Amino acid sequence: MLALCTIWQVKCLDVKRHQTLAVLNPFKAAEHDMMQDTDLAGPLVFCLAFGGSLMLCGKLQFGYIYGIGVVGCMAMYFLLNMMSLTGVSVGCVVSVLGYCLLPMVILSSSAVLLSLKGMIGIVLTVLAVVWCSFSSSKLFVSALSMENQQPLVAYPCGLVYGVFALLTVF
Amino acid sequence: MADRGQSWPTQQDESAIIDLGDVNDRDDGSDYETDMSRGPTDGSGKGSLEEDVRKRLTDNVTQMVWNAGTQQAKRAWSLYGNIDILRPYFNVEPHEVRTRLLQSFLPRMPSSEKQRAYRELYGPLMVVFTLIALLLFQMKAAEHKVEEGTLMGTAFGVCFTYWWGTAALMWFLSYVCNAHITSIQLLSLLGYGLAGHCVVILLGTLIHTSHDHLFFYLLWAVFGGLSTLKMVGVILSRTHGKSQRLILSCTIAAIHLLFLLYLHFAYHQIVEDLSRVLDSDPVVKQPEVVNNVRTVSKGEI
């Protein structure tokens, strides 16, 4: 029993590692069945880390993160179900959007050291938003076989992460 | 004999003794009087049979009507409540969306030929979401505070109410004026028309002009005007009759242009007011007056 639990924990950690690496390297091709194991623990950790790093900047925005996250996930779930032939589950959408929040966590952590309202901050913000939307659209199109529609999936992802960026900057 | 079938089986089940006191308590008169009031003995049984049949018939008819209504409601829900009916309107390619966005700024002269109105919801939905994001950006930049609400709720409410509300109004007017345009085409047309609003709000937020709205009015006339002319051209090509065309074109032009004015003066104006208040001279000079007073008081001492 203990061995089974250990194997299960190792498998979960392995899944988390693979998905995190897929986000950190957006130019690497994603496996088709990577998002079969939907995981909510990783997105939860990243959301808490995002809120925590904003708290270090003097902003208590956990409610906004939760609200924007819920609205963004619902909108993406509706949109992807309309655009894809196979459909997508809510868990998959939450998992992808949550893991791809990692660059935004890095941006909010950098906001502790430097101001994001200057030219460097604007460039970093734009880069983070593009990184997040590119990673999330890559994972969605690989899971739903929508390669020719990646720009159409990337744009709404960019809008969601753009709103998160507004929380970070202002 | 009166019908005492209800009491007899009970008494017979319990005991062979019949208590006449119980029997007499159930009636206010004798059996014979009861029989007289109800008529002949065979008529009362027939009357109760008719009532029973009527009651059963009523129950059956009610049940049938209820079942038929439930079936109709379920059929209507499966037909119209199924979200899959919207799938064809999201089947687009990236180059199609790009082309339609650019064409929303290129009006064509109305002619006898019908101008194409697309049946698509992906592009308009993205334009509306972009407008929401830009409004949030504008409100965050202006530190706009919304009492009894949230910034996101306000932006969502404003944009979706305009999109759906105006589409509903134009659909009603199109029905009255007999214009050949469907509700999906109106949603698509109005959605793509909001691209002009997005451009104006983005440029207006990035480029601040101190208490001078000339730049905004210029953008309003150019981008707002182009998108309005595009929508008006499509509607005019699909409507017959001068008065009908006038009603539809004036309504959509007025609502579209006034909405942009509302977005500017409700949210962006605050930035101008704040910058004017912070840059005014009397606020800057006050500390010098205080210092002068302290210097004079020290001199006297």
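In every chain, residue numbers begin from 1 and rise along the written sequence. As they are written, the chains are lettered A onward and the ligands numbered 1 onward, keeping that order. Two thresholds apply to this predicted model, a pLDDT of at least 70 for residue-level local features and 80 or more for giving and counting side-chain atom pairs, whereas whole-chain, interface and lining totals are computed over all residues. Excluded from the side-chain calculations are hydrogens and water; all other atoms, namely the structure's heavy atoms, are used.

Per the secondary structure count, chain A includes seven helices and zero strands. Every helix listed is a DSSP run of H or I at least four residues long, and every strand listed is a run of E at least two residues long, numbered separately from the N terminus. Listing the helices and strands of chain A from first to last along the sequence gives α-α-α-α-α-α-α. Going through the 170 residues of chain A one by one, you find that 49% of them count as buried. Any pair of residues with heavy atoms lying within 4.5 Å of one another is described as a contacting pair. For chain A, long-range pairs separated by at least 24 residues make up 75% of all intrachain contacts whose partners lie at least 6 apart in sequence. Note on areas: these come from Shrake-Rupley sampling with a 1.4 Å probe, and a residue is covered only by the protein chains present in the view. Counting only carbon and sulfur atoms, one obtains 74% of the accessible surface of chain A, whose full area is about 8500 Å². With a 1.4 Å probe rolled over the protein chains alone, any residue whose accessible area is under 20% of its type maximum counts as buried; one over 50% counts as exposed, and the rest are partly exposed.

Let's shift gears to the overall build of chain B. Looking only at helices and strands, chain B features 11 helices and zero strands. For chain B, with 301 residues in total, the buried portion stands at 36%. Put simply, of all contacts in chain B between residues at least 6 apart along the chain, 77% involve residues at least 24 apart. If you sum the accessible surface of chain B, you get close to 19300 Å²; carbon and sulfur atoms cover 62% of it.

Turning next to the UniProt feature "transmembrane region" (unreviewed entry) in chain B. Residue and element names in this part refer to chain B. UniProt positions are given in the numbering used here, feature names are shortened, and annotations may be inferred rather than shown by experiment. UniProt records the feature "transmembrane region" (unreviewed entry) at residues 121-139, 151-174, 186-208, 214-234 and 246-267, using the numbering of this structure. Each end of residues 121-139 is marked by a C-alpha atom, and these two atoms are 27 Å apart; helix forms 95% of the span and strand 0%. The distance separating the terminal C-alpha atoms of residues 214-234 is 30 Å; by composition the span is 100% helix and 0% strand.

In this section: the interface of chain A and chain B. Between chain A and chain B, the residue contacts involve 22 residues of the former and 21 residues of the latter. The contact between chain A and chain B buries some 2000 Å² in all, and 74% of this surface belongs to carbon and sulfur atoms. On the chain A side of the interface with chain B, the three residues burying the most area are M82, L152 and F170 of chain A, jointly 29% of the side's total. For this analysis, a salt bridge means a side-chain nitrogen from Lys or Arg found within 4 Å of a carboxyl oxygen belonging to Asp or Glu. In this structure, the connection of chain A to chain B is made through zero salt bridges. The definition of a polar contact used here is a pair of N or O atoms within 3.5 Å, where within protein one atom must be able to donate a hydrogen and the other to accept one, and adjacent residues in sequence count solely through side-chain atom pairs. Scanning the region where chain A abuts chain B turns up five residue pairs in polar contact (both at pLDDT 80 or more). It is helix α7 (residues 150-169) of chain A that contributes the most residues to the side of chain A that touches chain B, nine residues altogether. Residues are grouped as follows: Ala, Val, Leu, Ile, Met, Phe, Trp, Tyr, Cys and Pro are nonpolar; Asp, Glu, Lys and Arg are charged; all remaining types, including Gly, are polar. Residues of the side of chain A that touches chain B, tallied by class, amount to 18 nonpolar, four polar and no charged. What counts as buried area is the accessible surface, traced by a 1.4 Å probe, that two parts surrender upon association, with contributions from both included.

It is worth spelling out the UniProt feature "transmembrane region" (unreviewed entry) in chain A at this point. All names here are of chain A. Under the UniProt annotation, the feature "transmembrane region" (unreviewed entry) is placed at residues 40-57, 64-80, 86-107, 119-140 and 152-169. In this annotation, residues 64-80 is assigned 100% helix and 0% strand; the end-to-end C-alpha distance for the span is 24 Å. For the annotated span residues 119-140, helix accounts for 100% and strand for 0% of the residues, and the straight-line distance between the end C-alpha atoms is 32 Å.

Charged atoms that come close allow side chains of opposite charge to pair. All names here are of chain B. Counted under the stated rule, the structure contains two salt bridges over all chains. For D52, the salt bridge goes to R56, with nearest N and O atoms at 3.4 Å. In this pair, D52 and R56 are both assigned in helix α4 (residues 41-80), four residues apart and thus about one turn of the helix distant. On the accessibility criterion, D52 (33% relative accessible area) is partly exposed.

The next thing to look at is the nonpolar core. Ranked by size, the top nonpolar core spans 106 residues in total, and within it M104, F140, V153, Y161 and F164 of chain A together with Y122 and L136 of chain B carry the most contacts. Counting residues per element, this core draws most heavily on helix α6 (residues 122-141) of chain B, which supplies 14 residues. Among the buried residues, those of types Ala, Val, Leu, Ile, Met, Phe, Trp, Tyr and Cys that are joined through side-chain atoms within 4.5 Å form a nonpolar core.

With that settled, the discussion passes to helix α3 (residues 62-83) of chain A. Relative to the 32 Å expected for 22 residues at 1.5 Å per residue, α3 of chain A spans 31 Å between its end C-alpha atoms, a close match to the ideal helical length. Those residues of α3 of chain A that fall on the buried side of the exposure criterion are I65, I68, G69, G72, C73, M76, L79, L80, N81, M82 and M83 of chain A. Looking at the buried residues of α3 of chain A, the elements they touch are α2 (41-56), α4 (90-99), α6 (119-144) and α7 of chain A together with α6 and α7 (151-177) of chain B. For a helix, the expected span equals 1.5 Å multiplied by the residue count minus one.

Turning to the packing of α6 of chain B against α7 of chain B, a few remarks are in order. Residues and elements named next belong to chain B. Two numbers describe how α6 lies on α7: the axes approach to 9 Å, and their chain directions differ by 140°. By the criterion of interaxial angle, the relationship of α6 to α7 is oblique. Here α6 and α7 pass one another in a crossing that is right-handed. Only L151, M152, A155, F156, C159, F160 and W163 of α7 make contact with α6, whose side of the interface consists of P124, L125, V128, F129, L131, I132, L135, L136, M139 and K140. Per-class residue counts for the contact of α6 with α7 are 16 nonpolar, no polar and one charged. The convention used is that axes are lines fitted to C-alpha atoms, helices contributing only their stretch in contact, and that angles between N-to-C directions extend from 0 to 180 degrees. Working definition: roughly parallel below 35 degrees, roughly antiparallel above 145 degrees, roughly perpendicular at 65 to 115 degrees, and oblique for all remaining angles. Here is the rule for handedness: rotate from the far helix to the near one, and if that takes an anticlockwise turn smaller than a right angle the crossing is left-handed, while a clockwise turn gives right-handed.

Its location among the elements puts L152 of chain A in helix α7. Residue classification places L152 of chain A among the buried residues on the basis of a relative accessible area of 4%. Taking the C-alpha atoms as reference points, L152 of chain A and V112 of chain A, separated by 40 residues in sequence, lie 33 Å from one another. Ignoring any residue separated from it by four or fewer positions in sequence, one finds L152 of chain A in contact with M83 of chain A together with V92, E93, P94, V97 and Y122 of chain B.

Let's shift gears to the packing of α6 of chain B against helix α8 (residues 183-206) of chain B. Residue and element names in this part refer to chain B. Interhelical geometry of α6 versus α8 gives an angle of 25° and a closest axis separation of 8 Å. One element, α6, and the other, α8, form an angle in the roughly parallel class. The two elements α6 and α8 meet at a crossing, and its hand is left-handed. From α6, G123, P124, V127, V128, T130, L131, L134, L135, F137 and Q138 reach across to α8, where they touch L187, S188, G191, Y192, L194, A195, H197, C198, I201, L202, T205 and L206. Looking at the contact of α6 with α8, its residues break down into 15 nonpolar, seven polar and no charged.

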